[in-house]
Amino acid sequence: MTDTSHGTGGLTFDKTKRTWPSEMNVLLALVIIVVIFEILGQVLPYMNDQSFLFDTRDRFDSIFNEARLKIIILQVAIIGIIALGVTQVIITAGIDLSSGPLVAATAMIAMSFGQTELVNGFANPKAVFGTWAMDLPVLIPVVIGLLFGAFIGAINGTFIAYFRIPPFIATLGMFLICRGIALWWSGGNPISFPTEQYAAIGAGMMPVIWFLALAVIFHIIMRFTVYGKHTYAIGSNEEAARMSGINVKRHKVMVYMIASMLAAFAGVVLSSKASTAQAGMGEFYELFAIAMAVIGGISLTGGRGSIIGTVLGAMVLGVIRSGFTYIKLDGSYQLMAMGGIIIAAVILDQYRQRNKA
Amino acid sequence: MSDQIVLKTEDLTKHYGGVHALEGANFEMTKGEHVAIMGDNGAGKSTFVRQITGVEQRTRGKISLYGEDVDFAGPLDAREAGIETVFQTLALADDLDVPDNLFLGRELTFWNWLGPFRFLDYKGMRRATIDGLNKTAVKIPNIRNTIRNMSGGQRQCVAIARTATFHSRLTIMDEPTAALGVQETAQVENIVKTLKEGNEPLILISHNMRQVFDLVDRIVVFRRGRICANLKKEDTDPQDVVAYITGAKTGEEYMETAR
């Protein structure tokens, strides 16, 4: 109420008055964490002056330790794909716990249509179906996997939007159902020996390429399309969204379907990368995906956050994991420390939001 | 032209189970007229508005807008027909900015063949927002700010600015200044006066007697679900209106029905 002048005074879009985006905080945290590991590498007696991210062997053509960078991002890429979908669900003030088991179930189902008939001249020992399902074009297992994801997502969304089941409960149920499907599909046996094409989906750095490409696509969708705007509106004030004429129920179903399709695709990529599908795959993936989103500044109360935040959140998680391994921290301590960091991220975010309001 | 009937209801009735929240409301207003609806809590004011705006479905009765019978299935229908409502709860999305909120549910878009993934025309919406705010003389320092970071008065102004942006044919405001301070109330009242100058019809629900006498041409009083008075501002005064609200008096033409 400081501006009391007449006319258009103060109405224009003023770039300098935009608030500091929360993504910057995550980026800052990322830099600080890297610096901490860099310092630890210098001071810890058993580290022999190693560098965390930089190249210390005097090569002129590289600054960074590329091998470590690659591993960091490769480790988080597949869960990152899930996190892109979970982000959208959380922005609607929902939650999706079913994505980890969905990864396993989709990996089993898709892989069973992506097997090769002959392994070293012998019949595929892990064959699920007869020869009719062998050596199919790669598109078939991928499309089947995505359709399965869409189906699971549609069920999640329908129960949440139309039957008003709390998202936590609906997707917790689906969590168990999907794990059950994964175990039932081949009677608990692993499914292996994919076709060359299927194996190519997740080979080498392909998971990273998928992750980044999907991140760009969904960043554009969330930021610049009606779908994105309505997703934020629903998480921000569902009643207002309804009164504005948005079909909230249909939109929610769509969001859960997209999230589950992304998780399903992650399942395809994971099984391809591992060259095998097992019913126990994707354990804790749903929780790490949620953690990435939360570290990236996505508010669990809905309406706030962005895909960029989640990508940065994924990087933070990746750097922490890699850093702990780098300073030779035992796996059990790693889990404990990561849990603490996730809680700290939420506390910091809440503190920041309170100060801003 | 000035006598064109904007809104007319006949025998508009709403029962919630056994509760007769609204009973046989006959209401009429003409182009450019500003009408206040007054009454005690539970007198049926908000129920009346909810039937007109399609938020609820009426039990019986007829509603016509500009001479045409209408039957709204939901609030969006009413809005498309040109009825803009500023609800008590404002219906704003806190995490979105001003243009986003003005255009929520009816965004300007391009590449519409993309269906739900069609692109938002941010530029066009920003321009239309500034036009709408100028028209209502609303001052908001930065329209890219989210609603969360705005004062109560600014929020109210954003909600009201929707009406100006979309050339509404009838504006309804449900207690627009109930939660506002003095200065903010003045700002909202200014907007109402701008609407009056623009000859835009308005229904104002308010408990604020001074405000009502300041802003409107006519006062309709509701009591226990029925209309009990229809008073021209010139022919009445605040004490008189209070008498109608409390039931000490009843308009002659309503003697039969209201008691």
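Our subject in this report is the structure included herewith. Bear in mind that the values here come from a model prediction, so they are computed numbers and not experimental data.

### Quick notes on the interface of chain B and chain A
Right, on to step 1. Counting from both sides, the interface comprises 37 residues of chain B and, opposite them, 38 residues of chain A.
Right, on to step 2. The contact between chain B and chain A buries some 3,400 Å² in all, and 61% of this surface belongs to carbon and sulfur atoms.
Right, on to step 3. When the area that chain B buries against chain A is broken down by residue, the three leading residues are F117, K139 and R144 of chain B, summing to 17%.
Right, on to step 4. Between the two partners, chain B and chain A, sit 2 salt bridges.
Right, on to step 5. Measuring nitrogen to oxygen at the nearest pair gives 3.5 Å for the salt bridge that ties R304 of chain A to D95 of chain B.
Right, on to step 6. Applying the counting criterion to the chain B and chain A interface returns 11 residue pairs in polar contact (both at pLDDT 80 or more).
Right, on to step 7. Counting residues per element, the ones that place at least two in the side of chain B that touches chain A are α2 (75–80), β8 (119–120), α4 (122–135) and α6 (182–197) of chain B.

### Description of helix α11 (residues 285–295) of chain A
Right, on to step 1. In terms of burial, α11 of chain A is largely enclosed, as 10 of its 11 residues are buried.
Right, on to step 2. In the segment just after α11 of chain A, G297 of chain A is the residue with positive phi, at about 90°.

### So, the environment of L262 of chain A
All names here are of chain A.
Right, on to step 1. Examined against the element boundaries, L262 turns out to sit in helix α10 (residues 248–274).
Right, on to step 2. Residue L262 is classed as buried on the basis of its relative accessible area, which comes to 5%.
Right, on to step 3. Sequence separation between L262 and L146 is 116 residues; the distance between their C-alpha atoms is 8.0 Å.
Right, on to step 4. Excluding residues within four positions of it along the chain, L262 makes contact with I81, L84, G85, Q88, L214 and F218.

### A few points about the sheet that holds strand β10 (residues 202–205) of chain B
All names here are of chain B.
Right, on to step 1. In space, the 6 strands of this open sheet follow the order β6-β9-β10-β3-β11-β12, with mixed pairing throughout. Looking along the sheet, the strands with just one partner apiece sit at the ends: β6 (83–86) and β12 (226–232). Taking each pair of neighbouring strands and ignoring which way they run, the sheet shows an average axis angle of 20°.
Right, on to step 2. Where strand β11 (residues 218–223) lies against β12, 6 bridges are found, and the strand directions are antiparallel. Note on β12: the bridge partner recorded for V221 is A229.
Right, on to step 3. In the packing of helix α1 (residues 45–52) onto the sheet, contacts are made with β3 (34–39), β6, β9 (170–174), β10 and β11, and the angle to β3 comes to roughly 135°.
Right, on to step 4. Its contacts with the sheet place helix α8 (residues 238–246) against β3, β11 and β12, and it is angled at close to 25° to β11.

### Looking at the sheet that holds strand β1 (residues 5–16) of chain B
All names here are of chain B.
Right, on to step 1. Reading across the sheet, the 4 strands line up as β2-β1-β4-β5 and stay open at both edges, with antiparallel pairing between neighbours. Each edge of the open sheet is held by one strand with a lone partner, namely β2 (19–30) and β5 (68–69).
Right, on to step 2. In this sheet, β5 lies alongside strand β4 (residues 60–65) in antiparallel orientation, the contact comprising 2 bridges. Each residue of the ladder has a partner; that of S64, found in β5, is D69.
Right, on to step 3. This element, α1, spans β1, β2 and β4 of the sheet and lies at about 115° to β1.

### Considering the packing of aromatic side chains
Right, on to step 1. Going through the model one piece at a time under the given rule, you end up with 17 aromatic pairs over all chains.
Right, on to step 2. Aromatic side chains Y227 of chain A and F117 of chain B sit 5.1 Å apart centroid to centroid with 50° between the ring planes, which places their arrangement in the tilted category. Linking Y227 of chain A in helix α8 (residues 226–236) with F117 of chain B in the loop between β7 (109–110) and β8, this pair reaches from one chain into another.
Right, on to step 3. A relative accessible area of 24% places F117 of chain B in the partly exposed class.
Right, on to step 4. Centroid distance W111 of chain B to F119 of chain B: 5.2 Å. Interplanar angle 70°. Geometry classified as edge-to-face.
Right, on to step 5. Through successive ring pairs, a cluster of aromatic residues spans F113, F129, W132, W184 and W185 of chain A.

### Notes on helix α3 (residues 99–112) of chain A
Right, on to step 1. The end-to-end C-alpha distance of α3 of chain A is 20 Å, a good match for the 20 Å that 14 residues give at a rise of 1.5 Å each.
Right, on to step 2. By the criterion of burial, α3 of chain A is predominantly enclosed, with 14 of the 14 residues buried.

### Structural notes on the nonpolar core
Right, on to step 1. Among the nonpolar cores identified, the biggest contains 103 residues, and F37, F52, I82, L84 and V319 of chain A are the most heavily contacted of them.
Right, on to step 2. The next biggest cluster of nonpolar side chains, apart from the first, holds 43 residues, and it includes L92, L102, F103 and M125 of chain B.

### Concerning the side chain of R68 of chain A
All names here are of chain A.
Right, on to step 1. Here R68 is to be found in helix α2 (residues 66–91).
Right, on to step 2. At 7.6 Å, E38 is the nearest oppositely charged side chain to R68, a buried residue that forms no salt bridge.
Right, on to step 3. A polar side-chain atom of R68 sits 2.6 Å from the main-chain carbonyl oxygen of F52.
Right, on to step 4. Look past the residues within four positions of R68 in its chain and what remains in contact with it is S51, F52, S322 and Y326.

### Quick notes on the environment of I143 of chain B
Right, on to step 1. Looking at the element boundaries, I143 of chain B is found in the loop between α4 and α5 (152–165).
Right, on to step 2. When the C-alpha atoms of I143 of chain B and K14 of chain B are compared, they prove to be 40 Å apart, with 129 residues separating the residues in sequence.

### Let's talk about the pattern of salt bridges
Right, on to step 1. For the coordinates displayed, the defined rule picks out 19 salt bridges over all chains.
Right, on to step 2. Of the charged contacts in the structure, one is a salt bridge between R242 of chain A and E239 of chain A, with a shortest N-O distance of 3.5 Å. Here R242 of chain A pairs with E239 of chain A, and both are found in helix α9 (residues 238–243), just 3 residues apart, close to one helical turn.
Right, on to step 3. Put simply, E84 of chain B and R106 of chain B hold a salt bridge, and the shortest N to O gap is 2.9 Å. Of this pair, E84 of chain B sits in strand β6 while R106 of chain B sits in the loop between α3 (98–102) and β7, placing them 22 residues apart in sequence.
Right, on to step 4. A relative accessible area of 18% places R106 of chain B in the buried class.
Right, on to step 5. Among the charged side chains, a network of salt bridges with common partners joins E238, E239, R242 and K252 of chain A.

The rules we used
- Residues numbered from 1 in each chain as written.
- Chains lettered and ligands numbered in written order.
- Predicted model: local features only at pLDDT ≥ 70, side-chain atom pairs only at ≥ 80, totals over all residues.
- Heavy atoms only, no water.
- Contact = heavy atoms within 4.5 Å.
- Buried area = accessible area lost by both parts, 1.4 Å probe.
- Salt bridge = Lys/Arg side-chain N within 4 Å of Asp/Glu carboxyl O.
- Polar contact = N/O pair within 3.5 Å; in protein donor to acceptor, adjacent residues only side chain to side chain.
- Helix = DSSP H or I, 4+ residues; strand = E, 2+ residues; numbered from the N terminus.
- Buried < 20%, exposed > 50% of the residue type's maximum accessible area, 1.4 Å probe, protein only.
- Pairing = 2+ DSSP bridges.
- Axes fitted to C-alpha atoms, helices over the stretch in contact; angles between N-to-C directions.
- Phe/Tyr/Trp six-rings, centres within 6.5 Å; stacked < 30°, edge-to-face > 60°.
- Expected span 1.5 Å × (residues − 1).
- Core = buried A, V, L, I, M, F, W, Y, C linked by side-chain atoms within 4.5 Å.
- Lys, Arg positive; Asp, Glu negative; His and termini not counted.

The values reported here are purely geometric and, on their own, carry no functional implication.
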